[in-house]
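# Report on the structure
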Amino acid sequence: MISTAVSSEILTAGIDVGTSSVKAAIIRMNAGGWKRDDVEVLALRAERIRRRDLKQVINESFHTVLEDAGVSEKDLAYVASTGEGELVHFRRGHFFGMTTHARGAVYMLPGSRAVLDVGALHGRAMRIDGRSKVLSYRMTTQCASGSGQFLENVARYLGVALEEVGPLSKEAKEPEMVSSICAVLAETDVINMVSRGISTSDILKGIHLSMAGRYIKLLRAIGATECDVAVTGGLAADEGLIQAMRELIQKDGIPMLIQEDPQSIHAGAIGAALWGGYRHEVLERKRQSA
Amino acid sequence: MRPALEEIVGRANALYEDLDFGAVTDWKRRNPGRKAIGYMPIYVPREIVHAAGMLPVGIVGGSDRLEIIRGDAYFQSYICHIPRSTIELALSGRLDSLDGMLFPSICDVIRNLSGMWKLLFPDRYVRYIDVPQNFDARVGGEFWRREIEALRDDLVVLGGEPITDDALNKSIAVYNENRRALIDLYKARSEQPWVFPTPELYVVMRAGNVLPPDEHTAMIRAYLDEAPREDREDKDHSRIVIVGTFCEQPPLGLLRTLERAGCWIVGDDLLLGNRWIETEIPTEGKPMENLSQAFIEHSTATASRYDAERAKGESLIQSVRDNEAEGVIFCAPSFCDPALLDQPMLVNALDREGISHTQFKYSEDTGQFGVIHEQAGTFSDSIRLWSEV
């Protein structure tokens, strides 16, 4: 067990409550540290909600990640929530999704000056500075056709496991484009494609290209055309989507570098834990000066 | 929630939600022959109404629980919401328990509402209370004394009984107790906002709109005793002051949203009329002069009051300092002239002091808080994360 009392190292937790899954992170960081070397991610956890009681999923995720990290709740200097984290009743503080994804992105990919957070419900592009401060942002509108939930629905119609979506999309020969405006119409498109005998790979690639187009548009709207872009959120793990985005920027000659990290889906939770560490320091300083 | 606290907050919530003003009807049933007098924001000297043996009833619109059917026909679209919901309350018979209505001069809309009342309800007592904007005791003070004496004389006629100085002094003492309790409540909330969440504080304070003052004071004192016994944990929120809520009241959901978004409200101007006089009023001597003097010398600073002595924003900055707030949220009703015209001057004052602020508008029937939640949350993040970096 690691004690926070013996050194300037502290332990913090971040819990990112998303629409379809709960992500949790435990980190150890040097007090006041900002660089990657100051931080060690001890454990990460992603738990799908699957119509279960959300509070129960949050509690299970938290206790499992604590176990994985080999620490107990009382060792934590700060528990931070993000996303729909108001249900994390044991949190010390809550940070907004943009704030935490930006921080997590800079931790994982320090050269990033833009973040594309693509989750189950929507996509959000942010311009950030080197300290992860959000300078501007744009979000997809309320329509779900640019979201992970839509992709998940389509995978279910096609009888494909989520893990297979990316590899299958990369095998596409002649992608079939879908409507990028409305999820309902897009789903009708997919049903038509299946009846026309279009291959699963070409359907998925068409969907990826359609979604990628929307995300590139968001990034262009915030002026992030000549910088490193970190992709975070659940869809960062979709290699088919990442490849589609890279193909589109190459085709349009946009000097943008799309990057993802194996920990990208945990960016919100890691960012929350990092900001929690920072706030712990600030509050300690205030307490001591009082 | 512990039963004792639940009972207090539950009662306050029930009073807040009762758009039929059942508490007023009950009071009249318990006090046959006595009258109830409604008043609009911001300030009326309730002591005079109380000394007449009547119940002062604060009317602050219909909140988000009243569907406006007839009220919209009386007003153009580009004014605030409170007059149309107040008319709706009256036309639907919900204010039938009121024997009279007072309209203090806060803005043109409320002034015109008093005229409409006279036309719509010719059998009821209606008075437009002209508040001085000159705070020289020899000018505004004299004017205000005459104004409230005229109110007293009207109430003598309406009630059919004299209002003695002794009765006025006793009423002033009752309201002094009420003000003291509210000051204690606000101080306690500022020190421990997680113990006294603003949505609770608000309904407890608002209960004073319909309860007799001594009963309301007892409720505040009981809440002050019970709330700290509840197991409530502090959160790492930012401390903010909200400004602009003195007349049309924000829906309760908005106050909850601000706290859920990571903002502890440690200062506000909600129902400001209840805290308009900032000191105790003497309970001996000539009560009408004392009431007048208190208004001239100890009125709180707000948008509808002209203050020649203090620079705009001075008292807001003082409130930020006193409450150790980290930022200000300008939270004003749409089309509220007094609040919105004041805002640029207050913004300038805050900018000069380097105090963070953000702003949005609401209506008493606002039902969607997603955007406000996002804005307040990112404001809280910016205060907590970037004020020192």
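Note: the structure precedes this text.
What you see is a predicted model, and the numbers here were worked out from it, not measured in a lab.

### As for the interface of chain B and chain A
Contact residues are listed per partner, giving 17 residues for chain B and 24 residues for chain A. A buried area of about 1900 Å², summed over both sides, lies between chain B and chain A, and 50% of it is on carbon and sulfur atoms. At the junction of chain B with chain A, the criterion picks out four salt bridges. Between chain B and chain A we count eleven residue pairs in polar contact (both at pLDDT 80 or more) in total.

### Points about the pairing of strand β9 (residues 228-232) of chain A
Residue and element names in this part refer to chain A. Taking burial as the measure, the five residues of β9 include four buried ones, the bulk of the element. By the bridge criterion, four bridges tie strand β6 (residues 114-118) to β9 in an arrangement that is parallel. Counted as the bridge partner of leucine 116 is valine 231 from β9. Pairing of β9 with strand β10 (residues 257-259), which is carried by three bridges, proceeds in the parallel orientation. Opposite valine 229, over in β10, you have isoleucine 258 as the bridge partner. Between the parallel elements β9 and β10, the chain passes through helix α7 (residues 239-252) in a crossover that is right-handed.

### Topic: helix α6 (residues 200-221) of chain A
The periodicity of an α-helix, 3.6 residues per turn, causes residues three or four places apart in sequence to face the same way. Residue and element names in this part refer to chain A. Compared with the 32 Å implied by 1.5 Å per residue over 22 residues, the 32 Å span of α6 between its first and last C-alpha is a close match. Where burial is concerned, most of α6 is hidden: 17 out of the 22 residues are buried. Positive phi appears at glycine 223, one or two residues downstream of α6, with a value of about 80°.

### Focus: unusual backbone geometry
Peptide bonds are, in most cases, trans, and in most cases residues other than glycine have a negative phi. Following proline 41 of chain B, the chain continues to isoleucine 42 of chain B via a peptide bond in cis, the omega torsion being 5°. When you line up the elements, isoleucine 42 of chain B lands in the loop between β1 (36-39) and α3 (46-51). Unlike most non-glycine residues, arginine 51 of chain A shows phi in positive territory, near 60°. Mapped onto the elements, arginine 51 of chain A comes out in the loop between β3 (39-48) and α1 (54-69). For arginine 51 of chain A, a relative accessible area of 88% puts it in the exposed group.

### Regarding the side chain of serine 63 of chain B
All names here are of chain B. With respect to the secondary-structure elements, serine 63 resides in the loop between β2 (55-58) and α4 (82-91). Separated by 3.0 Å, the side chains of serine 63 and arginine 65 make a polar contact. Every residue in contact with serine 63, bar those within four places of it in the chain, is listed here: Tyr16, Glu364 and Asp365.

### Some points on the pairing of strand β3 (residues 100-104) of chain B
It is a general feature of regular strands that their side chains alternate between the two faces of the sheet. All names here are of chain B. Burial analysis of β3 places five of its five residues in the buried class, the great majority of the element. The two faces of β3 match: Gly100, Leu102 and Pro104 on one face and Met101 and Phe103 on the other face are all buried. Direction of pairing for β1 relative to β3: parallel, over a ladder of three bridges. Pairing of isoleucine 37 across the sheet is with glycine 100, part of β3. One ladder, built from five bridges, connects β3 with strand β4 (residues 125-129); its direction is parallel. In the strand pairing of β4, leucine 102 is matched with arginine 127. In this region the chain leaves β3, passes through helix α5 (residues 108-120) and returns to the parallel neighbour β4; the handedness of that crossover is right-handed.

About the thresholds
Residues numbered from 1 in each chain as written. Chains lettered and ligands numbered in written order. Predicted model: local features only at pLDDT ≥ 70, side-chain atom pairs only at ≥ 80, totals over all residues. Heavy atoms only, no water. Contact = heavy atoms within 4.5 Å. Buried area = accessible area lost by both parts, 1.4 Å probe. Salt bridge = Lys/Arg side-chain N within 4 Å of Asp/Glu carboxyl O. Polar contact = N/O pair within 3.5 Å; in protein donor to acceptor, adjacent residues only side chain to side chain. Buried < 20%, exposed > 50% of the residue type's maximum accessible area, 1.4 Å probe, protein only. Helix = DSSP H or I, 4+ residues; strand = E, 2+ residues; numbered from the N terminus. Pairing = 2+ DSSP bridges. Right-handed = clockwise from strand over helix to strand, strands pointing away. Expected span 1.5 Å × (residues − 1).

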